[in-house]
Amino acid sequence: METSKKLPTDPSESPPSPQGDGAAGANRLVKGDLSFHDITEMVSRHAEKKAPLAWYVAFAVSLSGALLLIGLLAYVVWNGIGVWGNNQPVGWGWPIVNFVFWVGIGHAGTLISAILYLFRQHWRTAINRAAEAMTIFAVICALIWPTFHVGRVWAIYWTLPIPNQMAMWPQFKSPLLWDVFAVSSYFIVSLLFWYVGLVPDLATLRDRAKNFWRQRILAFFSLGWTGSNRHWRNYEKAYLLLAGLATPLVLSVHSVVSFDFAVSVIPGWHTTIFPPYFVAGAIFSGFAMVVTLMVITREIYGLKNVITIDHLEKMNIIILVTGTIVGFAYITEFFMAWYSGVQYEQYAFLNRAFGPYAWAYWIMMTCNLVTPQLFWSKTLRRSVPVMFALSIVVNIGMWFERFVITITSLHRDFLPSSWGYFTATWVDIGTLVGSFGLFLSLFLLFLRFVPMVAMAEVKGVMPEADPHYYEHGGNGHAEGDGEPYIKPAEPALAEAYRGDDADGSS
């Protein structure tokens, strides 16, 4: 008789590994001596069973935020973008700040999936699926802002080079048009990359499905996957090609976003440091958001043996490195302004640090330069409460970075007679809160219906994936499992096989 076994969800609950506690056991990416079957059960059951009450509560709250966003965007369309705080000279207010912020959040997923895949960093396998989903949802949130910022949202298709009777074309020399191509290309490639990686796991859910319609839907999206040698070879070729396509996009998309500022002549924007500075900042904020979401997910869904503290520590190291690069860029900007000898540039940076928005500048410096340095301590970067708090602080700082770049450079430019002050309105605040509601609603739906961990990839980095493992490591089942249970054949089926053997047929 089969007995159900409680899977260990926390490394502290795990039985001793047959590999021992030496280097081989300590360096395992998956803790708890889990078998392939255990991984499938641990991940699949959350997409198959009824969602817990906590999920419905979280979804209700986040959906309320998304509905608030929809309502306020309708209000903006009806009344015009004057209901935002945008004014003269600050024509780019919170909408552009939020756009750059959300595009940055969407950087970590493809970097984890594509660049770390090409560098054969196996630790990425536990977090890449959720990070890729986060990328797609963040880009969806980002695209909202420029779409509605144009004012006449029904004319947004004019940004595309569509042949028309007036022979009017977009301005191909404008970085705003480059943005359209860069972000849309990034979204399409990221979506394809995410979906291709999902196919083997969707086939697993298809084979486990008991409901007719669920089985049919999963069969459609799993594209007839059977796990054959030919399917795996084609899958790995496609995954490698998409990784190669996505890698330059990771570097180019935020470089192009930085050109929105850098190709202008506004003091504080007209600088060549922006592309690498923006890319480092995007990776910085993206990894911080991944840490925020993964800390909660692994705790609630019992995935501490799959998304281990070692995975989180590696992400914190990347946050430390990119945060230091961003801080170095902040200091370099002041040096470049001084070295240029241009009084307008020098005033722009002094105004940031000591002008009317000095409070925003010093929040940015504290959150982005000072707090990540705590991760030099191994104890702190392996502390879950500390990393969770710092990941939120980092993204607060990165939002203020975009605020400082956009607002402080516009509110005082060349002519004192044109100076002004930007103040956000309740619509600005409501749409920003609503964008987080939309993002979290999409992420919760992902957790509910899709395998949140790439099961096939995690299995591929486990010791059991070695064909010679079973010669040294046991039967491939977790401690206490015993011999695998094999269900006896039905009597009629067994009789038919015996008849076939007697006839000599196969």
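Since we're looking at a predicted model, the values are computed, not measured. (Residues numbered from 1 in each chain as written. Predicted model: local features only at pLDDT ≥ 70, side-chain atom pairs only at ≥ 80, totals over all residues. Heavy atoms only, no water.)

Counting its secondary structure elements, the protein contains 18 helices and zero strands. In the protein, which comprises 506 residues, the proportion classed as buried is 51%. The contacts in the protein between residues at least 6 apart in sequence include a share of 80% that link residues at least 24 apart. Carbon and sulfur atoms form 68% of the exposed surface of the protein, whose accessible area is close to 24,300 Å². (Helix = DSSP H or I, 4+ residues; strand = E, 2+ residues; numbered from the N terminus. Buried < 20%, exposed > 50% of the residue type's maximum accessible area, 1.4 Å probe, protein only. Contact = heavy atoms within 4.5 Å. Areas by Shrake-Rupley, 256 points an atom, 1.4 Å probe, with all protein chains shown as cover.)

Our next topic: the confidence of the model for the protein. Parts of the prediction with low pLDDT should not have their coordinates interpreted in detail. Here the protein shows a mean pLDDT of 83. Residues at 70 or above account for 87%. Predicted confidence in the protein is weakest over helix H1 (residues 23–26), with a mean pLDDT of 42, and strongest over helix H16 (residues 426–449), with 93. A low-confidence stretch, residues 500–506 (pLDDT under 50), is modelled with one contact involving residues beyond four sequence positions or located in other chains. (pLDDT = per-residue confidence, 0-100.)

All told, the structure shown has 46 aromatic pairs when counted by the stated rule. Summarising the aromatic geometry, the rings of Trp102 and Phe439 are spaced 5.1 Å apart at their centres and angled 40° between planes, so their arrangement reads as tilted. Highlighted residues: Trp102 in helix H4 (residues 94–105) and Phe439 in helix H16, separated in sequence by 337 residues. Taking relative accessible area as the criterion, Phe439 reaches 1% and is therefore assigned buried. Taken together, Trp92, Phe261, Trp269, Phe274, Tyr277, Phe278 and Tyr330 form an aromatic cluster joined through their ring pairs. Residue placement shows Arg120 over the ring face of Tyr117; its charged tip is 5.0 Å from the ring centre. One Lys or Arg, Arg448, reaches over the ring of Phe449 and ends 5.1 Å from the middle of that ring. (Phe/Tyr/Trp six-rings, centres within 6.5 Å; stacked < 30°, edge-to-face > 60°. Lys NZ or Arg CZ within 6 Å of the ring centre and 35° of its normal.)

Moving on: the nonpolar core. Side chains that are nonpolar tend, in soluble globular proteins, to be buried together. By size, the foremost hydrophobic cluster in this structure holds 139 residues, and its most contacted members are Trp102, Tyr277, Phe287, Phe403, Phe439 and Phe446. When residues of this core are assigned to their parent elements, the largest contribution, 15 residues, is made by helix H10 (residues 274–300). Aside from chain neighbours lying at most four places away, what touches Phe403 is Trp94, Val97, Tyr357, Trp359, Ala360, Thr408 and Phe422. (Core = buried A, V, L, I, M, F, W, Y, C linked by side-chain atoms within 4.5 Å.)

Turning next to the packing of helix H5 (residues 107–118) against H10. It is at 7 Å that the axes of H5 and H10 come closest, and there the two elements cross at 90°. As the angle between them shows, H5 and H10 are arranged roughly perpendicular. Contacts between H5 and H10 involve His107, Ala108, Leu111 and Ile112 from the first element and Ala282, Ile283, Gly286, Phe287 and Val290 from the second. When its residues are assigned to classes, the contact of H5 with H10 shows seven nonpolar, two polar and no charged. (Axes fitted to C-alpha atoms, helices over the stretch in contact; angles between N-to-C directions. Parallel < 35°, antiparallel > 145°, perpendicular 65-115°, else oblique. Nonpolar A, V, L, I, M, F, W, Y, C, P; charged D, E, K, R; others polar.)

By secondary structure assignment, the location of Gly227 is in the loop between helix H8 (212–221) and helix H9 (229–262). According to the relative accessible area criterion, Gly227 is partly exposed, its value standing at 33%.

Its place among the elements puts Ala262 in helix H9. The spacing of Ala262 and Pro275 is 13 residues in sequence and 8.4 Å in space, taken between C-alpha atoms. Setting aside anything within four residues of it in sequence, one finds Ala262 in contact with Trp269, His270, Thr271 and Phe274.

Quick look at the packing of helix H6 (residues 128–149) against H10 now. Viewed as axis vectors pointing N to C, H6 and H10 meet at an angle of 120°, and their least axial separation amounts to 10 Å. Judged by the angle between their axes, H6 and H10 are oblique. Between H6 and H10 the crossing geometry is right-handed. Judged by residue contacts, Ala130, Ala131 and Met134 of H6 engage Gly286, Met289, Val290, Leu293 and Met294 from H10. The residue inventory of the contact of H6 with H10, partitioned by class, reads seven nonpolar, one polar and no charged. (Left-handed = near helix turned anticlockwise from the far one by under 90°.)

This next bit is on the side chain of Ser255. Along the chain, Ser255 falls in helix H9. What makes Ser255 buried here is its relative accessible area of 14%.

So, on to unusual backbone geometry. Residue Pro89 follows Gln88 across a cis peptide bond; omega there is 15°. Note that Pro89 resides in the loop between helix H3 (53–79) and H4. Its identity is not glycine, yet Arg120 carries a phi of approximately 55°, on the positive side. Within the secondary structure, Arg120 is located in the loop between H5 and H6.

A contiguous nonpolar patch, built from Phe212, Trp213, Ile217, Phe220 and Phe221 and spanning about 620 Å² of accessible area, is present on the exposed surface. Here Phe212 shows up in helix H8. Exposure remark for Phe212: the relative accessible area of 48% places this residue in the partly exposed category. (Patch = residues over 30% accessible without salt bridge, like charges linked within 9 Å, V, L, I, M, F, W, Y side chains within 5 Å. Salt bridge = Lys/Arg side-chain N within 4 Å of Asp/Glu carboxyl O.)

Let us look at helix H11 (residues 309–340). Across its 32 residues, H11 extends 46 Å between first and last C-alpha, which sits within 8% of the 46 Å expected from 1.5 Å per residue. Just beyond H11, the residue with positive phi is Gly341, at close to 75°. (Expected span 1.5 Å × (residues − 1).)

This brings us to the pattern of salt bridges. Counted under the stated rule, the structure contains 13 salt bridges. For Arg124, the salt bridge goes to Glu457, with nearest N and O atoms at 3.0 Å. Residue Arg124 is found in the loop between H5 and H6, and its partner Glu457 is found in helix H17 (residues 455–460); the two are separated by 333 residues along the sequence. Each member of the pair Arg124 and Glu457 is classed as buried. Between Glu313 and Arg381 there is a salt bridge; the shortest N-O distance is 3.0 Å. Of the two residues, Glu313 sits in helix H11 while Arg381 sits in helix H14 (residues 378–381), which places them 68 residues apart along the sequence.

A word on the side chain of Thr408. With respect to the helices and strands, the residue Thr408 is situated in helix H15 (residues 384–411). Among the polar contacts listed, one links the side chain of Thr408 to the backbone oxygen of Val404, at a separation of 2.3 Å. When residues no more than four places from it in sequence are discounted, the contact partners of Thr408 are Asn351, Arg352, Tyr357 and Phe403. (Polar contact = N/O pair within 3.5 Å; in protein donor to acceptor, adjacent residues only side chain to side chain.)

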